[in-house]
Structure formats: structure tokens, C-alpha cells
Amino acid sequence: MYMEAKSIGDYSWDEIEEMKDFISKEELKRKFLKEKEELLTNRVLRKCAEEYFDPKRSLYENYWAIYNLSKEYESQFLFPGHMIMLYPRVQTYVASKPLAMHLGANYISRGERYCVYRPLIEDLDTHLKYTLQKSIFASEDSIDFFPQSFREFEEWDYALQNAYYYNVSSSIDFYELSTRLGSDGLTLRRLRDDADTRRLRKYRKKLKELKKEENVYLKILNTSLDRALLERKLLEIQQHIEQVSTSIYTLECKRISR
């Protein structure tokens, strides 16, 4: 049995991969992935890890780099200190009659294309979800101005509240935008819990239980006389984990696409 010379968090993934001792390598991989999962406690951290995890750096170095990146998702004043995800949603339509716009052209004519912005906002601390009380209408040439992150959304909110004194962007006249939107332009409406959300919560709880069960079997696998039986059981659990993970992914995609 290998002797672990340092904490698992001090290893990099590449360092483990380069080990010659297969048993030591596989055991350290398992511990590394388990520790990584325990460190990445929410969707923001996992999202940042997907993009920025560096296999050459130690697990703990990666974690602190990812944690600092995740601060970009921390609300500054609408939900102070909470981790917030914004899923931008823009849909394009053809006007069936003349319409007033909030952004870009004042009005568009029948037959012209326009955009409607209504993002989904999720508070990862409370698991509550919100959207705009009123959708924002814009002429098609203004589609790129919509907030794509919660940080940008908060900048819009601040600029609109202080539009008479302050303008954060030369591309948007926030005073003009505030007069078109009205005082409640970016008011949020809380979304009620739906069947898919309840199902998602149930799947996540099941996944957590299955992973605990998997860890138990991994620990006793090398100590049992009936290894073949344990391996079959472990395979069943891992297949179930894959099925539940797929269900979670499908529901999350469905929820975001609404």
C-alpha cells in the first residue's frame, strides 16, 4: 500500500497521471475527484471549473483560482453576497402591428423584426428563481446591448436608478431608457416552484445517496473475498448514477430553455 506523502489537495492531476504505480495512481485519482467534488459546492464553481481547471496546478491552487473567478457571480446590491446565475433569454418576433420599443428605435412598423428580453435569474443560496415583471422590447439592431450576466444586469439596474445623474455606457442612453421603461422597468418577479424543479431536487438527493453508496463499495472492494459480487453491485450503482445524472442534465436544460 502506498504512503501518501502530502495532502490530496496538494497534488495536480498531471502529477498523479505520471505515477508509475497503478494502484497508487488509481487510489489517488479517486481521492482527488472526491475532494474536487466536495470543494465545488455549487453550480457557479462547477461552471468555472469546466472552463478554467488547470491539470498542471494543484487541486487547492485550482480551487482558489476558481473561487476568485466565481466572485464575478456574487450579487453586489440586489441580493448582497448571494451567488446568482443569470440565463439570458432573447426571442425575436415579427411585428403584426406598430409597436413601441424600450430600447433602440422608438417605434417599429408592422412586418419589422424586434427582440424581447426576459432572462431567468437563479439565487443559488436560496434556490429561488426570478424573471422580469415586464419583458424588455428592443429593435433588432439593439439585441447586443442586453445584459448577458448578472453583473451586467446589476449595472443596468444601478444605471437606471441613477439615470438622471449617471451614465455607465456611451452605447445606451439610460435616461432615455428609464423614461421608456418606467420606474419598475427591472422589477423582478419570483417564479413558483414547478413539477420539474421538484423532480430535479429529488434526482439530486438520489444522486448524492448513490455516490455515498458507491464510495462504500469502493472502500471495501479490495478487502472482500467475494470481489466479483461486489464489482457487479458497484457496476449497477455506477450505471444508476449515470442514469440519474442524465435525468438531471435533461431537466436543467429544459428549465434553462424556457
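Up top is the structure these notes are about.
Residues numbered from 1 in each chain as written. Predicted model: local features only at pLDDT ≥ 70, side-chain atom pairs only at ≥ 80, totals over all residues. Heavy atoms only, no water.

Caption draft 1: Representation of the overall build of the protein chain in the model. Secondary structure summary: the protein chain contains eight helices and nine strands in total. Its C-alpha radius of gyration of 24 Å places the protein chain more than 25% over the 18 Å reference for a compact globule of 258 residues. Once the C-alpha set of the protein chain is aligned to its principal axes, its extents read approximately 75 × 35 × 30 Å. In the protein chain, which comprises 258 residues, the proportion classed as buried is 37%. Taking the intrachain contacts of the protein chain between residues at least 6 apart in sequence as the baseline, contacts between residues at least 24 apart amount to 59%. As presented, the protein chain carries roughly 16100 Å² of accessible surface, and 50% of it is formed by carbon and sulfur atoms. If you average the places of the 43 positive and of the 43 negative side-chain charges in the protein chain, the two averages end up 7 Å apart. (Helix = DSSP H or I, 4+ residues; strand = E, 2+ residues; numbered from the N terminus. Rg over C-alpha atoms; globule rule 2.2 N^0.38 Å. Buried < 20%, exposed > 50% of the residue type's maximum accessible area, 1.4 Å probe, protein only. Contact = heavy atoms within 4.5 Å. Areas by Shrake-Rupley, 256 points an atom, 1.4 Å probe, with all protein chains shown as cover. Lys, Arg positive; Asp, Glu negative; His and termini not counted. Charge placed at Lys NZ, Arg CZ, Asp CG, Glu CD.)

Caption draft 2: The arrangement of a nonpolar patch on the surface in detail. Residues Y164, Y165 and Y175 make up a contiguous nonpolar surface patch of about 480 Å² in total accessible area. Residue position: Y164 is located in the loop between helix 5 (150–161) and helix 6 (174–181). On the basis of relative accessibility, which here comes to 64%, the residue Y164 falls in the exposed class. (Patch = residues over 30% accessible without salt bridge, like charges linked within 9 Å, V, L, I, M, F, W, Y side chains within 5 Å. Salt bridge = Lys/Arg side-chain N within 4 Å of Asp/Glu carboxyl O.)

Caption draft 3: Inspection of the sheet that holds strand 2 (residues 90–94) at higher detail. Across the sheet, three strands lie side by side as 2-5-8; this open sheet has antiparallel pairing. Each of the sheet's edge strands pairs with one partner strand only, and the pair in question is strand 2 and strand 8 (136–139). Averaged over neighbouring strand pairs, the angle between their axes works out to 30° when direction is ignored. Direction of pairing for strand 5 (residues 113–117) relative to strand 8: antiparallel, over a ladder of four bridges. Within the sheet, the bridge partner assigned to Y117 lies in strand 8 and is I136. (Pairing = 2+ DSSP bridges. Axes fitted to C-alpha atoms, helices over the stretch in contact; angles between N-to-C directions.)

Function cannot be read off these values alone, since they describe shape.
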